[in-house]
Amino acid sequence: MFNTGRHVDLDQHKEPAFSAPLSSVPIRECVHVPLYDPCGGKMVPIPRQGDRCARFSPIARTRVPVNEFGNSWVMAPVSGTVEDIAVREHPFLGEIPFAVIRPDSSVPPLPMVQHSLGSMTTEGVLRIIHQAGIVDEFDGEPLITKILRAREKDVKEIAAIAIDDSPYISSALRTVCSFPGEGADGITVVLKAIDGGIAKLAVFDCDEVRVKPDEDKFGFVRVVKMSGGFPLISKFRRQYYPKGNFLPIGVQALRAAANALIRGIPQTTSIVTVSGECVKRPCNAVIVNGTPLEDVLRFAGVNKVPNYVIFGDTMNGVTVTDLQTPVPVGTRAITVMHSLSVHAKSPCTRCGRCVTVCPMGLPVYLAMRYYIRGDRDTAASFGAERGTG
């Protein structure tokens, strides 16, 4: 269904965003928090319209337990007043409820409980990762789901993924450079969760942007620098894990795991590369869960007609047309383009319509996402082998 045998050399455009200081996108009015879990689907809202909620407090739960640790939760990314609980369409999450929260700094955040990894049991670590609601930006899966699956298979090696091989994306590289301690702590946390093992840090290496991980922080990890054509992750798998016996985790998810255990903070933000030929001020920015796209584009500025606003990259992202679409946790990039002719050879048009037009009702874009990452087993679980195209 998908050809993954060749790699494509792509011109890189990372430097403008990567060289800019890490910034934060301000919230102009409200956040529209998706009440959705990748495993449990639509969630049940907890507060009602007009209620006040504290930052980090639970605002939704799954209808049923999703694993041995119970229900999944969504935590409020800001303190404020719930102005509405509305059901609306999201371009790749489907028709789901949203909590519309107007920030109010007079409402104090929920006090967090900090922990020491050395005093924690494996079960305690797993429970905290579950409660933090961490979505892995590498593949969009809940981190706890991936760890529990790795434990079942007795996987004893993890790979921290910072392979930003798409032309405009540098959010993983920025995370490694800006938060090396938290990234390294996250690796330690996950190694504890799988009852010990070893780890690699895979970093994209190109002439335009060169990253040297902090050896003082990552000294216990083997750093692997990867270069070559897109998709580079499949080359990494073949070269280092031909049998597939490892656990790949994005560096942002690892950082979130460290923050959840050491600082007691759930995942409510993402570091997102905002770039593309239409962006006036390319950057990597901290974006709060539920921030409307319009706020992001106002912050970064637009200098051309943005014909394509893409969640993700120009190779396999999802194009959106509604600028009120909220940015969910686990987002790696927002790419804004006037033209996509440079990538005409890509089999994906990035429109997202494949999900609705597939005669078998298969999530084609998800299957393709895993195929280009070299993970054929997961792609098959989304029905790739049953496709007719």
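Below is a summary of the structure that appears in this document.

Conventions adopted
The written sequence of each chain sets the order in which its residues are numbered from 1. In view of the model being predicted, local features appear only for residues whose pLDDT reaches at least 70, and side-chain atom pairs are presented and counted only at 80 or more, with totals across whole chains, interfaces and linings using the full set of residues. Working from all heavy atoms in the structure, the side-chain values ignore hydrogens and water. Only DSSP runs of H or I reaching four residues or more are called helices, and only runs of E reaching two or more are called strands; each is numbered from the N terminus. Under the scheme applied here, a residue whose accessible area is under 20% of the maximum for its type counts as buried, over 50% as exposed, and between as partly exposed, the area being computed with a 1.4 Å probe on protein chains only. By definition, residues are in contact when any of their heavy atoms lie within 4.5 Å. Here the aromatic set is Phe, Tyr and Trp, taking the six-membered ring for Trp, and pairing holds for ring centres within 6.5 Å; pairs whose planes are under 30 degrees apart are stacked, those over 60 apart are edge-to-face, and all others are tilted.

**What to know about unusual backbone geometry**
Reasoning step 1: Unusually for a residue other than glycine, Asp154 sits at a positive phi of about 55°.
Reasoning step 2: Locating Asp154 in the fold gives a position in the loop between α3 (143-152) and β10 (157-162).
Reasoning step 3: Asp154 gets classed as exposed once you look at its relative accessible area, which sits at 52%.
Reasoning step 4: Of note in the backbone geometry, Asp195 takes a positive phi value of approximately 65° without being a glycine.
Reasoning step 5: Structurally, Asp195 can be placed in the loop between α5 (180-193) and β11 (198-204).

**Things to note about the environment of Val203**
Reasoning step 1: One can find Val203 in strand β11.
Reasoning step 2: Expressed as a C-alpha distance, the spacing of Val203 and Ala172, which sit 31 residues apart in the sequence, is 8.5 Å.
Reasoning step 3: Excluding residues within four positions of it along the chain, Val203 makes contact with Ala162, Leu173, Val211, Pro213, Val223, Val224, Lys225 and Met226.

**Section: the packing of aromatic side chains**
Reasoning step 1: Counted according to the given criterion, the structure contains five aromatic pairs.
Reasoning step 2: The interplanar angle of 75° and the centroid separation of 6.2 Å between the aromatic rings of Phe236 and Phe246 together place this pair among those described as edge-to-face. You can see Phe236 sitting in helix α7 (residues 232-240) and its partner Phe246 sitting in the loop between α7 and β13 (247-250), a full 10 residues away along the chain.
Reasoning step 3: By relative accessible area, Phe246 is classed as buried at 7%.
Reasoning step 4: Consider the rings of Tyr241 and Phe246, whose centres lie 3.9 Å apart with planes at 5°: the pair is stacked. Both residues of the pair, Tyr241 and Phe246, count as buried.

Don't take any of this as a statement about function, it's just geometry.
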